[in-house]
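Spelled out, the chains give:
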Amino acid sequence: MTLTPIRTAALLGTAFLAACSHETPPPDITYDNDAFHPAQTTRSTTLPPAPAIVSSVLPTNLALAPAREHAAPTSRVAHANAVAMQEPRSDGYLNATQVYAFADGALYRLYAAPGQVSDIVLEAGETLTAISAGDTVRWAVGDTASGSDASRQVHVMVKPFAAGLTTNLVILTSKRTYHVVLQSTTRAVMAAMSWTYPDEQLIAGRQAVDAAPIDTGVTLQALNFRYAITGDTPPWRPLRAFDDGSKVYIEFPARIDQGEAPPLFVVNSNGGNDLVNYRVKGNYYVVDQLFPAAELRLGTDPQQVVRISRTDGTKKSSGWFGGN
């Protein structure tokens, strides 16, 4: 096909404009010498923890069932105590131990009998600060401990001297305050009582999620910190980038979830941007391939651009005639 002078000039002009409009091309890199060796997954020999027994009824929020304000103050006090009272439940037993779900301000009933000792078991690692009983004449109250170090558990022992007695017991520890209502009967006796801690379990579960690894099969010895971060300085600007010889991990500020996350583009050989597959894991982007350079772009006018480039590569010439 013969090109006319006008068409030839037009094509040359288009090529020149296209070349001038290209962004900085990525550096020339060499392949890693070592073969990629993913971490070996081994079967854990640690047994999972036994499921915690949680009472099916948590202490009622007092605000949901207020006493009538025209009632006598003593009636309002009695009403509040009745709402906060937690009684033994059949589905709350673990063998002979009644397991309550702990909540601040709740009252927990303990039934005891003369000639029998009831054991109040606190959380492992909890340190006893003080014990105060309302009736120390007709009730014997003492404390001891089992286990050692992190598994050490405080046991508060109570025993009534007669049936038909009622008093309260306040247990102060390094973590919380327990309010126990002691009631003695002729025969019914609770051998032991303890607690689960739903609020702390929820927090621990959240912390476990936050502390989860960003990926599996990563060998620490294979991590390569060979990326420079340049460009604009938006709030979401990455803190660092590294790879394991197979994937690139881009770490952002911890609270990047408070704003819009930028899309990632890999810079191609011509300096343009290509879409790339990546996953969001917490405050990390996990890119399923290595790249010489990539860009994070957000917005339009003005557009925020942050470039991530390999530092072990050779700068590629970007001039029209091969110069710098």
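Definitions and limits used
Positions within a chain are numbered from 1, following the residues in the order the chain's sequence is written. Residue-level local features of this predicted model are given only where pLDDT is at least 70; pairs of side-chain atoms are given and counted only at 80 or more, and the full residue set underlies all totals for whole chains, interfaces and linings. For the side-chain quantities, the full set of heavy atoms in the structure was used; hydrogens and water were omitted. Numbering of helices and strands runs from the N terminus; a helix is a DSSP stretch of H or I covering at least four residues, while a strand is a stretch of E covering at least two. Relative accessibility decides the category of a residue: with a 1.4 Å probe and only protein chains considered, values under 20% of the type maximum give buried, values over 50% give exposed, and everything between is partly exposed. Should any heavy atoms of two residues lie within 4.5 Å, those residues are counted as being in contact. Every accessible area reported is derived by Shrake-Rupley at a probe size of 1.4 Å, with residue values counting cover from the shown protein chains alone. To define a nonpolar core, start from buried Ala, Val, Leu, Ile, Met, Phe, Trp, Tyr and Cys residues and group those joined through side-chain atoms within 4.5 Å. For two strands to be treated as a pair, DSSP must find no fewer than two bridges joining them. Only the contacting stretch of a helix is used when fitting its axis, a line to C-alpha atoms as for every element, and angles between N-to-C directions run 0 to 180 degrees. The pLDDT value tells you how sure the predictor is about a given residue, anywhere from 0 up to 100. Side-chain atoms alone can form a polar contact between residues adjacent in sequence; in general such a contact is a pair of N or O atoms within 3.5 Å, and within protein one must be able to donate a hydrogen while the other accepts it. By definition here, a salt bridge exists when the distance from a side-chain nitrogen of Lys or Arg to a carboxyl oxygen of Asp or Glu is within 4 Å. Ring geometry is summarised as follows: Phe, Tyr and Trp rings, the Trp one being its six-membered ring, pair when their centres sit within 6.5 Å, and such pairs are stacked at plane angles under 30 degrees, edge-to-face over 60 and tilted between the two.

Draft legend 1. Main features of the overall build of the protein chain. Across its full length, the protein chain holds 3 helices and 20 strands. With 324 residues in all, the protein chain has 31% of them scored as buried. Within the protein chain, contacts between residues at least 6 apart in sequence are counted, and of these 64% link residues at least 24 apart. Surface exposure of the protein chain reaches about 20,000 Å², of which carbon and sulfur atoms provide 55%.

Draft legend 2. Here's a closer look at the nonpolar core. Judged by nonpolar contacts, the single largest core of 23 residues is most densely connected at Leu110, Ile120, Leu169, Val180, Met193 and Trp195. Of all elements in the fold, only strand S4 (107-112), strand S8 (153-160), strand S9 (166-173), strand S10 (177-184) and strand S11 (192-196) reach the threshold of two or more residues within this core. In this view, Met193 contacts Thr97, Gln98, Tyr100, Tyr108, Arg109, Leu110, Asp119, Ile120, Val121 and Val180; residues no more than four positions away in its chain are not counted. Core analysis: the next-biggest nonpolar cluster, separate from the first, contains 19 residues, Tyr227, Ala241, Val276 and Phe291 among them.

Draft legend 3. Highlighting the pairing of strand S18 (residues 284-287). Where burial is concerned, the two faces of S18 agree: the one with Tyr284 and Val286 and the one with Tyr285 and Val287 are both buried. In this structure, strand S14 (residues 248-251) lies alongside S18, joined through 4 bridges in antiparallel fashion. In the strand pairing of S18, Ile250 is matched with Tyr285. Pairing of strand S17 (residues 278-281) with S18, which is carried by 4 bridges, proceeds in the antiparallel orientation. Its bridge partner being in S18, Arg279 is matched across the sheet by Val286.

Draft legend 4. Main features of the sheet that holds strand S12 (residues 227-231). The strand order S12-S20-S19-S15-S16 describes an open sheet built from 5 strands, whose pairing is antiparallel. Of all strands in the sheet, those with a lone pairing partner are S12 and strand S16 (273-275), marking the two edges. The mean inter-strand angle of the sheet, taken between neighbouring strand axes irrespective of direction, is 30°. Here strand S15 (residues 264-267) runs beside S16; their pairing, made up of 3 bridges, is antiparallel. When the bridges of S16 are listed, Val267 appears paired with Asn273.

Draft legend 5. Region of interest: the pairing of S10. Here S4 runs beside S10; their pairing, made up of 5 bridges, is parallel. Bridge assignment links Arg109 to a residue of S10, and that residue is Val181. Where S9 and S10 come together, 7 bridges link them in antiparallel fashion. The partner of Leu169 across the bridge, within S10, is Val180. Hairpin connection, S9 to S10: the antiparallel pair is bridged by 3 residues.

Draft legend 6. Just the confidence of the model for the protein chain, in detail. Put simply, the protein chain has an average pLDDT of 80, and 71% of its residues get 70 or more. Between the elements of the protein chain, mean pLDDT differs from a low of 42, seen in helix H1 (residues 5-21), to a high of 97, seen in strand S5 (residues 118-121). Confidence drops under a pLDDT of 50 for residues 320-324, and excluding neighbours within four residues, the segment shows 7 contacts in the predicted structure.

Draft legend 7. Spatial organisation of the side chain of Thr185. With respect to the helices and strands, the residue Thr185 is situated in the loop between S10 and S11. Side-chain polar atoms of Thr185 contact the backbone oxygen of Ala188, separated by 2.6 Å. The contact partners of Thr185, leaving out residues within four places of it in the chain, are Tyr111, Ala112, Ala113, Pro114 and Ala163.

Draft legend 8. Focus on the pattern of salt bridges. Within the structure shown, the criterion is met by 14 salt bridges. The closest approach of N and O atoms between Arg176 and Glu126, which form a salt bridge, is 2.9 Å. Here Arg176 is found in the loop between S9 and S10, whereas its partner Glu126 is found in the loop between S5 and strand S6 (128-133), with 50 residues between them in sequence. Per residue, the accessibility class of Arg176 equals that of Glu126, and both read buried. With its nearest N and O atoms 2.9 Å apart, the salt bridge here joins Arg307 to Glu295.

Draft legend 9. Seen up close, the sheet that holds S4. Within the open sheet, the 5 strands sit side by side as S1-S4-S10-S9-S6. Their pairing is mixed. Strand pairing shows two members of the sheet lacking a second neighbour, strand S1 (85-86) and S6, which therefore form its edges. With 5 bridges connecting them, S6 and S9 associate as antiparallel partners. Bridge pairing in S9 links Ala130 to Leu172.

Draft legend 10. Representation of the packing of aromatic side chains in the model. Under the counting rule described, the total for this entry stands at 12 aromatic pairs. Consider the rings of Phe102 and Tyr108, whose centres lie 6.3 Å apart with planes at 20°: the pair is stacked. Accessibility assignment for this pair places Phe102 and Tyr108 in one class, buried. When the centroid spacing of 4.4 Å and the interplanar angle of 45° are considered together, the rings of Tyr178 and Trp195 count as tilted. In this pair, Tyr178 sits in strand S10 while Trp195 sits in strand S11, placing the two residues 17 residues apart along the sequence.

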